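# Structural description and commentary
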Amino acid sequence: METQTKKVSVIIPVYNAEKYIRKTLDSVLAQNFRDVEILLAENGGEDQSAEILREYATQHAEIKLITCEKRGAGAARNAGLELASGEYILFVDADDYLPDPGTLEKYVKAAEQTGVDLVVGNYARLWEERLLPAVKHRAFSVYSPSSEEFRFQGFFGTGTLSYVWGRLYRRSFLAQNQITFADLTYAEDKLFNMECYICGAKYLFLEDTGYIYRRNKESISWQYHEDATENWLKMAHLLDKWLQKQKKDEAGYRNMIWYTIFFAAFFDSKMEYVQHKKSVFAIRRVLKKYHQDALGREAFRKLSDRKHALPIRQRAWRTAIRVFSFGMTRRWYMALAQGIKILIDSRVDERFSDTGIREEQ
């Protein structure tokens, strides 16, 4: 039987989500926009998620169940993309929800009127039942998409463009450019969105808060990963190959690789420091790994070179990137480790995130 085409395919990867999946599904089912299929990509797990999904599927014809052979949110989303019939794709995570029944209708209407490939709204974070606003997309969306400020703030400074959840994608754009999720341990959505950007996606930014992101300490994003460094470096190398494939290997785009490595080195250092009982030697080991990679060495060499432009508006970012990268080229691992330790212990690093120390307030 031929699959009936729908306007929107909502793809939800599900793994050990029994605590939150009902609220997630109820928020999608409550949307005013009805021309929808809901693809639930069940990704294994040890809880009652599968039973809950089957319950909802028997009650709602628009729900389709997908059993994934491969683990990971990226593999689950790819499975959903393969079966999606919608003109548009909306990704939702299994522990998040849509706060407004009119969100999907607004997004589709906006996309139809403008012909864009990607609709991005604002979102809020849910921290232990407290809603905290994230940095608004106006921190970067007011700049030209071709500018360094748009790229830096969108993917790194605020990070809003790093996430696939709560964004509406034109499926034909993804198919035409063969954009799918890479085989990464986590943060595969960052690379996915970078590939969209490099392929010239047309964006529309809406002021509405259309999505609630829940901090779930049991999710992959918040867990310690032994292969974190290998994962981030793999992402950087995949991004390098994508730039070459798209013939957009000029300096402005390559800066995205360098920034990825810079932020990854610091993020990994923090995770290792915490995991290994505040050991500066753990940080030192991480920094050495990044410098041992050829692409890592190239990144720090470029970012430390004053002849290599860093057209970022915030002086604090430019200084931090230059100083850290210069130290890495000189292999001052222990000195950098001590500096990172001070930033973490004093919680200065949290002020650079879109939630910061508000989480503890």
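Everything below is about the structure printed above this text.
My aim in this report is to walk through the structure given alongside it, one point at a time. As the structure is a computational prediction, the values presented were derived from the model and not from experiment. (Residues numbered from 1 in each chain as written. Predicted model: local features only at pLDDT ≥ 70, side-chain atom pairs only at ≥ 80, totals over all residues. Heavy atoms only, no water.)

Turning to the side chain of R151, a few remarks are in order. Relative to the helices and strands, R151 resides in helix 6 (residues 148-157). Residue R151 is classed as buried on the basis of its relative accessible area, which comes to 7%. Here the side chain of R151 touches S146 through a polar contact of 3.1 Å, landing on its backbone oxygen. What R151 contacts, discounting residues up to four positions off in sequence, is S146, F156, Y197, G252 and M256. (Helix = DSSP H or I, 4+ residues; strand = E, 2+ residues; numbered from the N terminus. Buried < 20%, exposed > 50% of the residue type's maximum accessible area, 1.4 Å probe, protein only. Polar contact = N/O pair within 3.5 Å; in protein donor to acceptor, adjacent residues only side chain to side chain. Contact = heavy atoms within 4.5 Å.)

As a further point, take the environment of V92. In this fold, V92 is placed in the loop between strand 4 (88-91) and helix 4 (103-114). When its relative accessible area of 1% is taken as the criterion, V92 is described as buried. When the C-alpha positions of V92 and G45 are compared, they lie 18 Å apart, and in sequence the two are 47 residues distant. If near-sequence neighbours (up to four positions away) are discounted, V92 is found in contact with V10, I11, I12, P13, T24 and Y211.

Take the packing of aromatic side chains next. Inspection of every chain in the model, using the stated rule, returns 31 aromatic pairs. Seen from their ring centres, W165 and Y213 are 5.0 Å apart, and the 20° between their planes marks the pair as stacked. Linking W165 in the loop between helix 6 and strand 7 (168-170) with Y213 in strand 8 (residues 203-214), this pair joins segments that are 48 residues apart in sequence. Take W165 and Y213: they sit in the same class, and that class is buried. Between F300 and F324, the ring centres sit 5.9 Å apart and the planes meet at 65°, which makes this aromatic pair edge-to-face. Here the residue F300 occupies a position in helix 12 (residues 294-304), and F324 occupies one in helix 13 (residues 315-329), the gap between them amounting to 24 residues. For the pair formed by F300 and F324, the shared burial category is buried. (Phe/Tyr/Trp six-rings, centres within 6.5 Å; stacked < 30°, edge-to-face > 60°.)

Attention now moves to the nonpolar core. Nonpolar side chains tend toward joint burial in soluble globular proteins. The biggest cluster of nonpolar side chains holds 76 residues, and the ones touching the most others in it are F91, Y169, F192, C196, Y203, Y290 and F324. Those residues within four positions of Y290 in sequence are excluded, and the remaining contacts are T229, W232, L233, I261, A264, A265, D268, G296, R297, F300 and M328. Among the nonpolar cores identified, the runner-up in size contains 37 residues, and V14, F33, Y56 and I63 belong to it. (Core = buried A, V, L, I, M, F, W, Y, C linked by side-chain atoms within 4.5 Å.)

Another point: the environment of V286. The topology assignment puts V286 in helix 11 (residues 280-292). Separated by 57 residues in the primary sequence, V286 and T229 have C-alpha atoms spaced 7.3 Å apart. Apart from the residues within four sequence positions on either side, V286 is in contact with T229, A265, D268, S269 and E272.

This next bit is on the packing of helix 10 (residues 251-275) against helix 11. When two helices pack together, their arrangement is given by the angle between the helix axes and the distance between those axes. Running from amino to carboxyl end, helix 10 crosses helix 11 at an angle of 150°, the nearest separation of the two axes being 8 Å. The angle between the axes of helix 10 and helix 11 places the two elements in the roughly antiparallel class. Between helix 10 and helix 11 lies a crossing whose hand is right-handed. Taking contact as the criterion, the partners of I261, A264, A265, D268, S269, E272 and Y273 in helix 10 are, on helix 11, V280, A282, I283, V286, L287 and Y290. Partitioning the contact of helix 10 with helix 11 into residue classes produces 10 nonpolar, 1 polar and 2 charged. (Axes fitted to C-alpha atoms, helices over the stretch in contact; angles between N-to-C directions. Parallel < 35°, antiparallel > 145°, perpendicular 65-115°, else oblique. Left-handed = near helix turned anticlockwise from the far one by under 90°. Nonpolar A, V, L, I, M, F, W, Y, C, P; charged D, E, K, R; others polar.)

This brings us to the environment of R130. Secondary-structure assignment places R130 in strand 6 (residues 130-133). In the structure, R130 is positioned 123 residues away from Y253 in sequence and 37 Å away in space, judged by C-alpha atoms.

Moving on, we get to the pattern of salt bridges. Per the stated rule, a full pass over the model turns up 17 salt bridges. Residue E112 is joined to K7 by a salt bridge in which the shortest nitrogen-to-oxygen separation is 3.5 Å. Of this pair, E112 sits in helix 4 while K7 sits in the segment before strand 1 (8-14), and the two are 105 residues apart along the sequence. Using a relative accessible area of 42% as the deciding quantity, one classes E112 as partly exposed. Two residues, D208 and K106, come together in a salt bridge whose shortest N-O distance is 3.1 Å. (Salt bridge = Lys/Arg side-chain N within 4 Å of Asp/Glu carboxyl O.)

Let us look at the packing of helix 8 (residues 188-198) against helix 9 (residues 228-245). Between helix 8 and helix 9, the shortest axis-to-axis distance is 11 Å and the interhelical angle comes to 15°. Judged on the interaxial angle alone, helix 9 and helix 8 are roughly parallel. The interaxial crossing formed by helix 8 with helix 9 has right-handed handedness. Here K190, L191, M194, E195 and I198 of helix 8 come into contact with helix 9, specifically with W232, M235, L238, L239, W242 and L243. Class assignment of the residues belonging to the contact of helix 8 with helix 9 gives a composition of 9 nonpolar, no polar and 2 charged.

A grouping of R297, R301, K302 and R331 is seen on the molecular surface, where their side chains present a positively charged patch. For K302, the position within the fold is in helix 12. (Patch = residues over 30% accessible without salt bridge, like charges linked within 9 Å, V, L, I, M, F, W, Y side chains within 5 Å. Areas by Shrake-Rupley, 256 points an atom, 1.4 Å probe, with all protein chains shown as cover. Lys, Arg positive; Asp, Glu negative; His and termini not counted. Charge placed at Lys NZ, Arg CZ, Asp CG, Glu CD.)

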